[in-house]
Amino acid sequence: MNLGRVADHEPRLVTDEQREAAVLVPIIDRDDGPALLFTKRADHLGEHPGQMSFVGGGHEPGDDDLWETALREAHEEIGLRPEEVENVGRLDDIRTITGYSISPFVVRIPDREYDPDEREVAEIAVLPVSELTDFDNYENEHRDHPHYGEVVIHYFHVDGFTVWGATGRMLVQLLELATDWCAPEKIDRFVDTDPDLG
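Quick summary incoming for the structure in this document. In this text the structure is predicted, and so the values were computed from the model without any measurement. Note on numbering: residues in each chain are counted from 1, in written sequence order. Local features in a predicted model are, by the rule used here, given only for residues with pLDDT of at least 70; side-chain atom pairs are given and counted only at 80 or more, and totals for whole chains, interfaces and linings are based on all residues. To obtain the side-chain values, all non-hydrogen atoms of the structure were used and water was disregarded.

Unusually for a residue other than glycine, Asp 159 sits at a positive phi of about 55°. Numbering of helices and strands starts at the N terminus; helices are DSSP runs of H or I of at least 4 residues and strands are runs of E of at least 2. Tracing the backbone shows Asp 159 in the loop between strand S10 (149-158) and strand S11 (161-163).

On to helix H4 (residues 165-178), then. Expected span, for any helix, means 1.5 Å times one less than how many residues it has. The end-to-end C-alpha distance of H4, which contains 14 residues, comes to 20 Å, matching closely the 20 Å that a straight helix rising 1.5 Å per residue would cover. For H4, the tally of buried residues reaches twelve of 14 residues, placing the bulk of the element in the interior. Accessible area is worked out with a 1.4 Å probe on protein chains only. A residue is then buried under 20% of its type maximum, exposed over 50%, and partly exposed in between. Buried within H4 are the following residues: Gly 165, Ala 166, Thr 167, Gly 168, Met 170, Leu 171, Val 172, Gln 173, Leu 174, Leu 175, Leu 177 and Ala 178.

Let's shift gears to the pairing of strand S7 (residues 100-108). Here S7 lies mainly inside the structure; eight of its nine residues are buried. Across nine bridges, strand S1 (residues 19-28) lies against S7 in parallel orientation. Following the sheet pairing, Val 23 is matched in S7 by Pro 104. For two strands to be treated as a pair, DSSP must find at least two bridges joining them. Here strand S5 (residues 86-90) pairs with S7 via four bridges, running antiparallel. The residue of S7 that forms the bridge with Asn 87 is Val 107.

Here Thr 39 lies in strand S2 (residues 35-41). For Thr 39, the contacting residues outside a window of four places in its chain are Gln 51, Met 52, Ser 53, Phe 54, Val 55, Glu 77, Ile 78, Val 121, Glu 123 and Ile 124. Contact criterion: two residues are considered in contact whenever any of their non-hydrogen atoms come within 4.5 Å of each other.

With 13 residues, helix H2 (residues 66-78) extends 18 Å from end C-alpha to end C-alpha; this agrees with the ideal 18 Å at 1.5 Å per step. Among the residues of H2, those classed as buried are Leu 66, Thr 69, Ala 70, Leu 71, Arg 72, Glu 73, Ala 74, Glu 77 and Ile 78. The secondary structure elements touched by the buried residues of H2 are S1, S2, strand S4 (56-58), S5, S7 and strand S8 (121-128). Any N or O atom pair separated by 3.5 Å or less is treated as a polar contact, with the protein-specific requirement of one donor-capable and one acceptor-capable atom, and with residues adjacent in sequence counted only for side-chain atom pairs. In this structure Asp 65 caps H2, since a side-chain oxygen of it lies 3.3 Å from the backbone nitrogen of Trp 67. Positioned one or two residues after H2, Gly 79 has a phi angle of 80°, which is positive.

Next comes the structure, spelled out in structure tokens:
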């Protein structure tokens, strides 16, 4: 992965949403190539249950900034210690249908076993970048969003997991910055209704 382009990226910020959140986009370097760490959200959570996500969560008053929010949440969710994290750069903030602006920080983390907090995390998945950039594992669809107009939803199917929604949008930007992969212009399907976009 070419993380220099991530480091040089000037993120577009979202400052007009009522709630802020931050996530880490964790890269693990392995002998067979880089991989990304995702969590599968617990089924009992009120927002986006069962979906794949990056570690992170909502900003709290005790957090100095959004970077601290992401580090705190990652420690709570999977036991990632702040001193283990190498900050690479930041992707564009994104909006979610739940009224959050999410700030994604791209980081490097060690290749070790992590300890998921069962209250929030059902499973940890480390997915190879080579599989995420394989077009055989990708599809998309076009939807009409009630607030944002026409949107493309990206789906990455790897090792029995499906990454989509807000996490899928972050993943697309990371892959387009750091690899030769580009989201296809061709739309696989058009959907009239607007279920949970994430």
